[in-house]
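Below, each chain spelled out in residue letters.
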Amino acid sequence: MPRKFKCKMIAGILTAFNSGFLYYVIETNNSQSAGNGNFFINFLDIIQKVFIITIGSVVPLIFLIGIPVSLLIDSLLKKMKLDKNIISFILHMILFELGVLVYWIASFGWDHVRNMPEPALAYQLFLFSYTPAVFWLINYALLRMTGEKPERAAANIDGDPGSLRK
């Protein structure tokens, strides 16, 4: 398995739990009940809810839309001989947003998406802009830590170390 794909999988997992926690924090609106005052039980309850949100909502979007989109972007930038990180970042944001929009329309129908109240729409768009940005940053950091230069990472999409030789 190429190092680049491994970095994307790790970035996907880290992003999923990061976004799942953020979704939980925003969704609960600080409405946590104090319960019996046992911090450990409340903490485990929060972890359980974050895990359920992450597995149910975030993981499918990242692994069905995010990683394939990221691999497509790397492939396109390789073919076009573009190595710019900013172009990669912008394409990640735009294509993930389009993928989520298609997912919303396929799941809920155009009328539901079109008639979504403005605060809910703004909140959803923020969350779905946050996720690809965090994914891209984690992937970029992982590529830097593994010694592969992110601007040359598109050249190694197929895992061929010979493609990195000059």
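Look up a bit, the structure's there.
Residues numbered from 1 in each chain as written. Predicted model: local features only at pLDDT ≥ 70, side-chain atom pairs only at ≥ 80, totals over all residues. Heavy atoms only, no water.

(A) A look at helix α3 (residues 85-108). An ideal rise of 1.5 Å per residue puts 34 Å on 24 residues; α3 measures up with 34 Å between its terminal C-alpha atoms. Residues of α3 that are buried include every one of Ser88, His92, Met93, Phe96, Glu97, Gly99, Val100 and Trp104, and no others. Looking one or two residues past α3, Gly109 carries a phi angle of roughly 95 degrees, positive in sign. (Helix = DSSP H or I, 4+ residues; strand = E, 2+ residues; numbered from the N terminus. Expected span 1.5 Å × (residues − 1). Buried < 20%, exposed > 50% of the residue type's maximum accessible area, 1.4 Å probe, protein only.)

(B) Fine view of helix α1 (residues 3-28). For α1, with 26 residues, the first-to-last C-alpha span of 38 Å sits near the 38 Å given by 1.5 Å per residue. Here α1 has its buried residues at Lys4, Cys7, Lys8, Ala11, Gly12, Thr15, Ala16, Ser19, Gly20, Tyr23, Tyr24 and Thr28.

(C) Main features of the side chain of Asn139. Checked against the element boundaries, Asn139 lands in helix α5 (residues 118-145). Looking at Asn139, the relative accessible area reads 5%, which means it is buried.

(D) Examining the environment of Thr15 more closely. On the secondary structure map, Thr15 appears in helix α1. Thr15 sits in the buried class, given a relative accessible area of 0%. When the C-alpha positions of Thr15 and Phe135 are compared, they lie 5.5 Å apart, and in sequence the two are 120 residues distant. Ignoring anything within four residues of it in the chain, the contact list for Thr15 reads Ile62, Thr131, Val134, Phe135 and Ile138. Among the polar contacts listed, one links the side chain of Thr15 to the backbone oxygen of Ala11, at a separation of 2.6 Å. (Contact = heavy atoms within 4.5 Å. Polar contact = N/O pair within 3.5 Å; in protein donor to acceptor, adjacent residues only side chain to side chain.)

(E) Looking closely at a nonpolar patch on the surface. There is a patch of nonpolar side chains on the surface, built from Ile86, Ile87, Ile90, Ile94, Leu98 and Leu101 and spanning about 500 Å² of accessible area. Judged by its relative accessible area of 54%, Ile86 is exposed. (Patch = residues over 30% accessible without salt bridge, like charges linked within 9 Å, V, L, I, M, F, W, Y side chains within 5 Å. Areas by Shrake-Rupley, 256 points an atom, 1.4 Å probe, with all protein chains shown as cover. Salt bridge = Lys/Arg side-chain N within 4 Å of Asp/Glu carboxyl O.)

(F) Just the packing of α3 against α5, in detail. It is the contact of α3 with α5, at a shortest axis distance of 9 Å, that shows an interaxial angle of 140 degrees. On the basis of their axis angle, the class for α3 and α5 is oblique. Regarding α3 and α5, the two cross each other, and that crossing is right-handed. Side by side, α3 and α5 meet where Asn85, Ser88, Phe89, His92, Met93, Phe96, Glu97, Val100 and Trp104 of the first sit next to Leu121, Gln124, Leu125, Phe128, Ser129, Thr131, Pro132, Ala133, Phe135, Trp136 and Tyr140 of the second. (Axes fitted to C-alpha atoms, helices over the stretch in contact; angles between N-to-C directions. Parallel < 35°, antiparallel > 145°, perpendicular 65-115°, else oblique. Left-handed = near helix turned anticlockwise from the far one by under 90°.)

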